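One letter stands for each residue in the lines below.
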Amino acid sequence: MERSDEFNPPPANWLLRAYYTPVSDALRGHLSGRLDVRREIAAAELPKPVAGLIHTVVRRTRLWRREKSDVVRELIAHFADGLAAGRSAEQLVADFGPADQAAKLIRQAKRRNRPLYWQAWWYFSRGLLALIAAATLGYVVLAARFYLAAPDITRNYWHEINAPRRIAEDERAWPLYRAAIVKLGKEDSELLEKHPDARPGSKDWPELVAVAERHGESIALAREGAAKSHFGYLLGDPADGKTSAAWVFSAKAPRADDNPELISALLEGLQALRQLARLVAADAWRAAAAADGTVTLADLSALLSMSAQTFQPRATLVEQLVGYAIFTQATENVRSILADFPDVLSDSQLRDLAHEIAAWRRGAMPVDFAGERIMFDDVLQRVYTDDGRGDGRLTDRGLSLLPELLDFNNGMSEPVRWEKLLGPGLAAVVGSRRDNHELFNSHLDEMIALHQGPAWTWDHDAIDAANQRLYELFNSATGKVRYLFAGLMLPAIQPNFSNAELSVQRRDATEVAIALVLWHRKHGAWPQTLAELVPELLPAVGPDRFDGQPLRYVIRDGHPLVYSIGQDRDDDGGTAWGTPYMNYDRMSEASLMRLRNRGISPEGDWVLWPPPPGPAEPEPAE
């Protein structure tokens, strides 16, 4: 096959082959351009000093090849005219001035004549480079400011929370509860959790009776602890880790003296306290079935005391929720026992029980967020610097706490791996210590103020507006980052107010149930209205927390029925439709639909006494 004369195969040597690449083509063009300049200067046959000057000036202009050729011709013509006028080469070179200055002026003049697209690109590229340089410098400054800053962890909030809880050892209930939990053991604790609502006659009841009979010592310790004046539960107490019950108390749990992050407090034993309360409740049912009113009253009184004790000074939200849960268990058991064994307690025992219920927490039910405020202050001191005036900036050490906060807030276990890289940038946009502190506490204050008074007086429009403002802030591009730590640590506030109101409703309903039993014993019949119980057996009929009217009451088939109108705020005559749901705040239609899909009914009434078959208690607010 014949080859074209124009086809020149590349050399075999790899270095020579590179000569044929586009890069080498450009290089060859540049070199050939330099050769063209030299040839033009040489062809002009100018004196050596003049030729050298022209070559230096042209080279230093750093212009395009075509522009350099123009400059060469212009300079050659300039110097040729001077020589023709009789001036010496040395004199022309001296009058021309410095080569660098001349090259600069020529370059500026030529660039002004370049096309507009080049002018635009030149300014854009220079602006971009300036921006990159400024950003790089800014990042360096931010990085130095970020990585050199450190939080000043000066306060041990564990000790501050524990300080008002430290009382004489013989006044503390928790050591007795702890001993009772250890004696109860893991297997029977799990059994109590598995069958929380077993009653005499149910298939699981024999198992619970056996558990109660096996653990008389734990029940006695629980009653002894309930008689103490204070709960005395300490956060990070090393004594908890020294027990043999590793299934509850971890030897590696954080210790208060070490001052780790307060959010790492495990509150070990509180969940087990609920199982201990179930053991005491099972014993109350066992005693009621055996017609032992003394033991029944002792167990019910112990449950009421256990629930009240958890509301100790600076109680965390978890502690308070455990208290509400045990109080729910106590009052529900009182009402159920009165329905199934109405004669087990004497008149005097019922009155004593009624007084204990009425005095529970001295009638004060509101939830307290003091523990959550302290926990957030501890986070802030570990995340930010401290300027001594309540403000500070984000630190590298503080940002390393972010994975733990995410895990605390969302149950996320995956570490955040990008925080080190983004740290300096985040420090520039995340709100200051004061910003996050003020938002956290102002929202708590606002929600507390909006939930003052009984539930039926709450301004739902104002509550919804406050929640919407917070939602929009945390979902905005700037607010989500600026209030990063407040958003992670703000607890689910609203349902707690409903849970407190539910406890008030249970208390009032239990008082009514006791009064009805006492009335029936005296008169041999049920009253026609609850108003007849006042003032002999009740100072007043407790209100329905949904509308402020007295609790509803009907006699149906010769039996009394006490009820609340429930979430839908419609009086259905005491008809309950499935498991009721109680939330005293206004709910959206989407939330109500989600409840219905779960088989929970926001419609119908909440039957308070006697408890209906099946789940008697409503689902708590979420």
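Now for a description of the structure that goes with this document. (Residues numbered from 1 in each chain as written. Predicted model: local features only at pLDDT ≥ 70, side-chain atom pairs only at ≥ 80, totals over all residues. Heavy atoms only, no water.)

### A short note on the overall build of the chain
And step 1. Counting its regular elements, the chain contains 26 helices and 5 strands.
And step 2. On C-alpha atoms alone, the chain measures out to a radius of gyration of 42 Å, which is more than a quarter above the 25 Å that the 2.2 N^0.38 rule sets for 622 residues.
And step 3. In terms of principal-axis extent, the alpha carbons of the chain reach across some 145 × 70 × 55 Å.
And step 4. Out of the 622 residues in the chain, the part that is buried amounts to 49%.
And step 5. Taking all contacts inside the chain whose residues are at least 6 apart in sequence as the whole, residues at least 24 apart take part in 72%.
And step 6. Carbon together with sulfur atoms contributes 56% to the accessible area of the chain, which is approximately 30900 Å² in total. (Helix = DSSP H or I, 4+ residues; strand = E, 2+ residues; numbered from the N terminus. Rg over C-alpha atoms; globule rule 2.2 N^0.38 Å. Buried < 20%, exposed > 50% of the residue type's maximum accessible area, 1.4 Å probe, protein only. Contact = heavy atoms within 4.5 Å. Areas by Shrake-Rupley, 256 points an atom, 1.4 Å probe, with all protein chains shown as cover.)

### Quick look at the sheet that holds strand E1 (residues 552-556)
And step 1. Taken together, 3 strands build an open sheet; the order of strands is E1-E2-E5 and the sheet is antiparallel. If you trace the sheet from one side to the other, it starts and ends with E1 and strand E5 (606-609), each paired once. The average undirected angle you get between the axes of adjacent strands in this sheet is 40 degrees.
And step 2. This element, helix H25 (residues 494-523), spans E1, strand E2 (559-564) and E5 of the sheet and lies at about 45 degrees to E5. (Pairing = 2+ DSSP bridges. Axes fitted to C-alpha atoms, helices over the stretch in contact; angles between N-to-C directions.)

### Structural notes on the packing of aromatic side chains
And step 1. Under the definition given, this model contains 20 aromatic pairs.
And step 2. On the numbers, 4.3 Å between centres and 35 degrees between planes, the contact of Phe546 with Tyr584 is tilted. Of this pair, Phe546 sits in the loop between H25 and E1 while Tyr584 is found in the loop between strand E3 (579-580) and helix H26 (589-597), placing the two residues 38 residues apart along the sequence. Per residue, the accessibility class of Phe546 equals that of Tyr584, and both read buried.
And step 3. Following the ring pairs from residue to residue traces out a cluster consisting of Trp174, Tyr177, Phe231, Tyr233 and Phe249. (Phe/Tyr/Trp six-rings, centres within 6.5 Å; stacked < 30°, edge-to-face > 60°.)

### Describing the nonpolar core
And step 1. Of all hydrophobic cores here, the largest spans 135 residues; its most connected members are Tyr177, Leu276, Leu353, Leu394, Phe485, Ile514 and Leu516.
And step 2. With 13 residues, H25 is the largest single contributor of residues to this core.
And step 3. With sequence-adjacent residues up to four places away left out, Phe485 is seen in contact with Phe376, Val383, Tyr384, Leu394, Leu402, Leu405, Val430 and Asn436.
And step 4. In terms of nonpolar packing, the next biggest core, distinct from the first, is built from 20 residues, Leu53, Val71, Ala89 and Ala99 among them. (Core = buried A, V, L, I, M, F, W, Y, C linked by side-chain atoms within 4.5 Å.)

### A closer look at the environment of Thr395
And step 1. Mapped onto the elements, Thr395 comes out in the loop between helix H17 (370-383) and helix H18 (396-399).
And step 2. For the pair Thr395 and Leu530, spaced 135 residues apart in sequence, the C-alpha separation works out to 63 Å.
And step 3. The residues touching Thr395, leaving out its near neighbours within four places in the chain, are Phe146, Ala149, Ala150, Pro151, Arg382, Val383, Tyr384 and Thr385.
And step 4. Among the polar contacts made by the side chain of Thr395, one reaches the main-chain carbonyl oxygen of Val383 at a distance of 2.9 Å.
And step 5. A polar contact is formed between the side chain of Thr395 and the backbone nitrogen of Gly398, at a distance of 2.9 Å. (Polar contact = N/O pair within 3.5 Å; in protein donor to acceptor, adjacent residues only side chain to side chain.)

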